[in-house]
Amino acid sequence: MGSSKRGTSSQRLRRSIEDLRKRHRQELENLTLTTQPFKTLRLFILAIFEYFKQSVFYLFANSGWLMLLSTLIVALGILLVTVEGPHEKHVEEVSRYVRFGLWWIALGVASSIGLGKNIDFMKICYDVWSMLDEKNMIRMSW
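Definitions and limits used
- Residues numbered from 1 in each chain as written.
- Predicted model: local features only at pLDDT ≥ 70, side-chain atom pairs only at ≥ 80, totals over all residues.
- Heavy atoms only, no water.
- Phe/Tyr/Trp six-rings, centres within 6.5 Å; stacked < 30°, edge-to-face > 60°.
- Helix = DSSP H or I, 4+ residues; strand = E, 2+ residues; numbered from the N terminus.
- Buried < 20%, exposed > 50% of the residue type's maximum accessible area, 1.4 Å probe, protein only.
- 1 Å grid on protein atoms, 1.4 Å probe; cavity = no way out; pocket = protein on both sides within 12 Å on 5 of 7 lines; lining within 4 Å.
- Points joined across faces, edges and corners; volume = space filled by probe spheres on them.
- Nonpolar A, V, L, I, M, F, W, Y, C, P; charged D, E, K, R; others polar.
- Patch = residues over 30% accessible without salt bridge, like charges linked within 9 Å, V, L, I, M, F, W, Y side chains within 5 Å.
- Areas by Shrake-Rupley, 256 points an atom, 1.4 Å probe, with all protein chains shown as cover.
- Salt bridge = Lys/Arg side-chain N within 4 Å of Asp/Glu carboxyl O.
- UniProt positions renumbered as here; feature names shortened; annotations may be inferred.

Draft legend 1. Geometry of the packing of aromatic side chains. Tallied over the full model, the rule gives four aromatic pairs. Taking 6.3 Å as the distance between ring centres and 70° as the angle between the ring planes, the aromatic pair formed by Phe100 and Trp104 counts as edge-to-face. With Phe100 and Trp104 both in helix H3 (residues 88-112) and four residues apart, the pair spans about one turn of that helix. In this structure Phe100 comes out as partly exposed when scored by relative accessible area, which is 39%. Relative to Tyr126, the ring of Trp104 has its centre 5.6 Å away and its plane inclined at 35°; by these criteria the two rings are tilted. On the criterion of sequence distance, the pair formed by Trp104 in helix H3 and Tyr126 in helix H4 (residues 119-134) is long-range, its members being 22 residues apart. Assessed through its relative accessible area of 31%, Trp104 is described here as partly exposed.

Draft legend 2. Summary view of the layout of surface pockets. Put simply, the largest pocket is a space of about 250 Å³. As for the largest pocket, its lining consists of Glu93, Arg96, Tyr97, Arg99, Phe100, Tyr126, Trp129, Ser130, Asp133 and Glu134. Of all the secondary structure elements, the ones that give two or more residues to the lining of the largest pocket are H3 and H4. Each residue belonging to the lining of the largest pocket can be placed in one class, and the counts come to four nonpolar, one polar and five charged.

Draft legend 3. The arrangement of a nonpolar patch on the surface in detail. The grouping of Val94, Val98, Leu102, Ile105, Val109 and Ile113 at the surface amounts to a nonpolar patch, some 560 Å² of accessible area in total. With respect to the element layout, Ile113 can be found in the loop between H3 and H4.

Draft legend 4. Summary view of the UniProt feature "transmembrane region" (unreviewed entry) in the chain. According to UniProt, the positions carrying the feature "transmembrane region" (unreviewed entry) are residues 56-80 and 100-116. Secondary structure content for residues 56-80 is 100% helix and 0% strand, and the end C-alpha separation is 25 Å.

Draft legend 5. Region of interest: the pattern of salt bridges. What the rule picks out here adds up to four salt bridges. Between Lys39 and Glu27 there is a salt bridge; the shortest N-O distance is 3.8 Å. Of this pair, Lys39 sits in helix H2 (residues 37-82) while Glu27 sits in helix H1 (residues 2-30), and the two are 12 residues apart along the sequence. One salt-bridge network, in which partners are shared between bridges, spans Glu92, Arg96 and Arg99.

Structure, rendered in structure tokens:
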């Protein structure tokens, strides 16, 4: 007698789950931005949040500390560049060093693909760059 009650309750549960799945599929088919904009926007924001949360968990599981440290360094750099204060001279100096390093990396990439067959070409490029930089003729908006 107990098993028949258990069997009927599990069948009812299965049917209700199937009904819920069917209703859910129908709601998803009827869900469009024009018919239900607020619900669509809410579900979109929830999906983006879920994706971001999964990405963060994945990054922390695989290379979390490196990613956290890089993010903090980038955030600190952005903060230092955007906030005015007595540190502006130092930020400008670091910016020049970074541009100088990026210049040489770009020259290295250019030479590795065949531009500038010898070191003289890089020296000439650097001399021209330095001269233009000293005369403030280079305006780079990075």
